[in-house]
Amino acid sequence: MKPVFYTVSLLAAILLMSYNIPNTNNLNKDLTMKNSEKQDSVLRHVVLFKFKANTSKADIAKVEAAFSALPSKIPQIVGYEWGINNSPEGLDKGFTHCFFLTFHSEEDRAIYLPHPDHKAFGAVLTPHLEDVTVVDYWTK
C-alpha cells in the first residue's frame, strides 16, 4: 500500500509543480504577436469635407485634383484613396467627400501637416469649405 501511496504522491507533486512553470512558448508567441501587430499597424488620417452650397462642380474638381496630387509631393503619405459619399442612410450631415491617407508614424504625419504642399492645398480648399472633420487612428 505504501508504494502506491508514494507513487501517487510523487505524481501529484509533479503535476502541481508543472502548473508553476511558466510556458515560455506561449509567452514568446504573445510577444511576437504584439510586436507583429505593432509593426503591421499604420496611422490613418481620415478627412471629410462639406462644401459651401454655392461651390461649383469645377471648383470641387480643383479641390479633388489638388488633394490627389499630395501623395506625389509628400513622400510620408504611404497610402491614399478618396471618394464621394453614396450612403443611403442620410447621416452624412452634408459631408460629401472622404479622403483617406496612411502614414507609417506620427512623425510622418507631423511632417505632412505643416508641409508647404499641404498648406498650398489648403489655399485651394478654404474658399469653398463649409466644414471639415478629421479623425486619426492607429489600425488594429
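Draft legend 1. Here's a closer look at the overall build of the protein chain. The helix and strand inventory of the protein chain stands at five helices and four strands. Its helices and strands in sequence order give the protein chain the pattern α-α-β-α-β-β-α-α-β, from N to C terminus. Sequence separation of 24 or more characterises 76% of the internal contacts of the protein chain that already satisfy a separation of 6 or more. Approximately 10,100 Å² of the protein chain is accessible, and the part contributed by carbon and sulfur atoms is 61%.

Draft legend 2. Highlighting the pattern of salt bridges. Applying the stated criterion across every chain, the model contains three salt bridges. Across the pair E130 and K50 runs a salt bridge whose closest N-O atoms are separated by 4.0 Å. In this pair, E130 sits in strand β4 (residues 129-138) while K50 sits in strand β1 (residues 43-51), placing the two residues 80 residues apart along the sequence. Among the salt bridges present, the one from R109 reaches D136, with a minimum N-O distance of 2.8 Å. Of this pair, R109 sits in helix α4 (residues 106-112) while D136 sits in strand β4; the two residues are 27 residues apart in sequence, bridging distant segments of the chain. For D136, a relative accessible area of 30% puts it in the partly exposed group.

Draft legend 3. Summary view of unusual backbone geometry. Located in the positive-phi region is K93, a residue other than glycine, with phi close to 55°. For K93, the position within the fold is in the loop between β2 (79-84) and β3 (97-103).

Draft legend 4. Inspection of the packing of aromatic side chains at higher detail. Using the criterion set out here, one finds nine aromatic pairs in the structure. Aromatic pair F67 and F121: ring centres 4.6 Å apart, planes at 50°, arrangement tilted. Of the two residues, F67 is situated in helix α3 (residues 57-73) and F121 in helix α5 (residues 116-125); the sequence distance between them amounts to 54 residues. On the basis of relative accessibility, which here comes to 5%, the residue F121 falls in the buried class. Members of the aromatic cluster, joined through ring pairs, are F49, F51, F67, Y80, W82, F99 and F121.

Draft legend 5. Representation of the pairing of β3 in the model. Most of β3 is tucked away: five of the seven residues are buried. Of the pairings in the sheet, the one linking β1 to β3 comprises seven bridges and is antiparallel in character. When the sheet's bridge partners are listed, V47 is paired in β3 with F99. Pairing of β2 with β3 involves six bridges; the strand directions are antiparallel. Counterpart to E81 in the pairing with β3 is F100.

Draft legend 6. Quick look at α5. Where α5 is concerned, the buried positions are H118, F121 and L125. When α5 is viewed along its axis, its buried side chains cluster within an angular range of 55° and face the same direction. For α5, the exposed residues lying more than 90 degrees away from the buried face are P116, K119 and A123. Looking at the buried positions of α5, the neighbouring elements they touch are β1, α3, α4 and β4.

Definitions and limits used
Residues numbered from 1 in each chain as written. Predicted model: local features only at pLDDT ≥ 70, side-chain atom pairs only at ≥ 80, totals over all residues. Heavy atoms only, no water. Helix = DSSP H or I, 4+ residues; strand = E, 2+ residues; numbered from the N terminus. Contact = heavy atoms within 4.5 Å. Areas by Shrake-Rupley, 256 points an atom, 1.4 Å probe, with all protein chains shown as cover. Salt bridge = Lys/Arg side-chain N within 4 Å of Asp/Glu carboxyl O. Buried < 20%, exposed > 50% of the residue type's maximum accessible area, 1.4 Å probe, protein only. Phe/Tyr/Trp six-rings, centres within 6.5 Å; stacked < 30°, edge-to-face > 60°. Pairing = 2+ DSSP bridges. Arc of directions from axis to C-beta.

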